[in-house]
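Observations on the model geometry
Chain by chain, the residues run as shown.
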Amino acid sequence: MTIVDLLTIANETYALAISNEPIAPLVNEALGVIDGALDEYGPDKISLSFNGGKDCTVLLHLYAVALAKRRVRPSLPSLYIPVQSPFPALEAFISQVARQYELPVFTCAPPCLIPTPDPSSTSQDDVSDNESGNMREALELYRARFPAVEAILIGTRRTDPHGAKLNFRERTDPDWPPFVRVHPIINWSYADVWTFLRRLKVPYALCMTKGLYTSLGSTYNTFRNPALLQGDLPDLASLQVIIDDPVTACHGPPIQQPSMGAKPEGVQDGQVEDGAVSHAEKEARNEDANATTSTPRYRPAYELADASHERLGRGTQPPVLTAK
């Protein structure tokens with residue numbers, strides 16, 4: 001594992017922000033939001049919420065370069081609130097990338113996250129209430145452990161649930177622990193996220209590269225996105241997606257997810273080598289080349305053609321596509 005040269009990537013990222021590339025205005029905007037928060041609160045009162053997903057990975061990189069430009073280290077560990085039954089590979093990636101960026105991470109799992117509710121006695125309303133309570137309790141524990149924190153950077157975008165009307169800064173509700181939520185990439189699209197990650201060769205989770213998922217939750221509510229399937233498929237515009245709920249989690253027995261495959265020796269999830277193609281991308285291509293005609297093949301997540309299909313793989317059962 002190679003430790004990231006923070007000053008080098010800071011120079012590259014800030015140069016991208018003032019370039020003529022299409023992504024530049026959004027990068028400049030996001031860095032401006034982060035720099036503004038650092039100016040107001042100081043690096044000793046700001047933290048990052050990080051769960052290993054693509055959006056948080058963009059934010060991790062932006063936060064790291066903003067700190068590197070000021071030649072300071074983060075004073076507070078980033079906050080990781082695990083979901084019930086997280087993907088082991090994703091948790092391994094969180095540990096790996098935290099070491100690469102030299103960013104400490106505090107895992108905050110309140111007791112209410114540990115038991116698995118009985119699905120036969122849990123309604124969808126109960127699930128939503130439980131998730132909200134889990135997050136609130138985790139933030140309370142984090143606040144008690146690190147009382148200096150005043151603002152938390154969060155990788156929410158407008159297309160996320162409850163993200164449509166958010167501003168760059170929002171205070172938590174009165175009955176929640178008092179933080180200012182900072183949303184530097186609120187105006188980014190799905191394509192913008194992948195453009196940034198691939199343009200700067202930012203390491204990201206292997207399960208995204210291999211076409212498994214476009215949006216990650218727990219093993220209970222995350223499935224392969226059918227919009228990434230290769231081959232002769234009907235136009236997705238003429239299909240109906242049948243899922244119980246694309247946002248909330250399903251609290252039932254863990255679902256057997258597809259294997260993410262063996263990695264080449266010495267290669268970590270999402271580790272990027274020299275050049276535009278990562279080890280994970282090459283592995284995915286090799287798997288496609290060796291697959292039989294009867295084996296479903298998926299494109300990598302960054303090739304999703306319609307961003308509105310980003311969450312097709314989220315729900316309480318695998319998505320079923322039927323002609324309208």
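What comes next is a walk through the structure. (Residues numbered from 1 in each chain as written. Predicted model: local features only at pLDDT ≥ 70, side-chain atom pairs only at ≥ 80, totals over all residues. Heavy atoms only, no water.)

Examining the packing of helix α2 (residues 24-41) against helix α3 (residues 54-69)
The N-to-C vectors of α2 and α3 enclose an angle of 55°; their axes lie 10 Å apart at closest approach. Taken together, the axes of α2 and α3 are oblique relative to one another. Read as a crossing pair, α2 and α3 show a hand that is right-handed. Between α2, through V27, A30, L31, I34, D35 and L38, and α3, the contact on the second element is made entirely by L59, L62, Y63, V65, A66 and L67. Looking at the contact of α2 with α3, its residues break down into 11 nonpolar, no polar and 1 charged. (Axes fitted to C-alpha atoms, helices over the stretch in contact; angles between N-to-C directions. Helix = DSSP H or I, 4+ residues; strand = E, 2+ residues; numbered from the N terminus. Parallel < 35°, antiparallel > 145°, perpendicular 65-115°, else oblique. Left-handed = near helix turned anticlockwise from the far one by under 90°. Contact = heavy atoms within 4.5 Å. Nonpolar A, V, L, I, M, F, W, Y, C, P; charged D, E, K, R; others polar.)

Section: the sheet that holds strand β6 (residues 180-182)
With mixed pairing, the 4 strands of this open sheet are ordered in space as β1-β4-β6-β5. At either end of the open sheet lies a strand with only one pairing partner, and these are β1 (46-48) and β5 (169-171). Going across the sheet, the axis of each strand differs from the next one's by a mean of 25°, ignoring polarity. Relative to the sheet, α2 contacts β1, β4 (151-153), β5 and β6, its axis offset from that of β5 by approximately 50°. Relative to β1, α3 is tilted by about 145°, and along the sheet it contacts β1 and β4. (Pairing = 2+ DSSP bridges.)

Section: the pattern of salt bridges
A side chain with one charge can pair with a side chain of the opposite charge if their charged atoms come near. Enumeration over the complete set of coordinates arrives at 8 salt bridges. The partner of K45 in a salt bridge is E150, with the nearest N and O atoms 3.5 Å apart. With a gap of 105 residues between them, K45 in the loop between α2 and β1 and E150 in the loop between α5 (124-145) and β4 connect regions that are remote in the sequence. Residue K45 is classed as partly exposed on the basis of its relative accessible area of 31%. For the salt bridge of R157 with D55, the shortest nitrogen-to-oxygen distance reads 3.0 Å. (Salt bridge = Lys/Arg side-chain N within 4 Å of Asp/Glu carboxyl O. Buried < 20%, exposed > 50% of the residue type's maximum accessible area, 1.4 Å probe, protein only.)

Here's the deal with the environment of K69
Here K69 lies in helix α3. For the pair K69 and I9, spaced 60 residues apart in sequence, the C-alpha to C-alpha distance is 9.7 Å. Here K69 is in contact with A10 and Y14, once residues within four sequence places are set aside.

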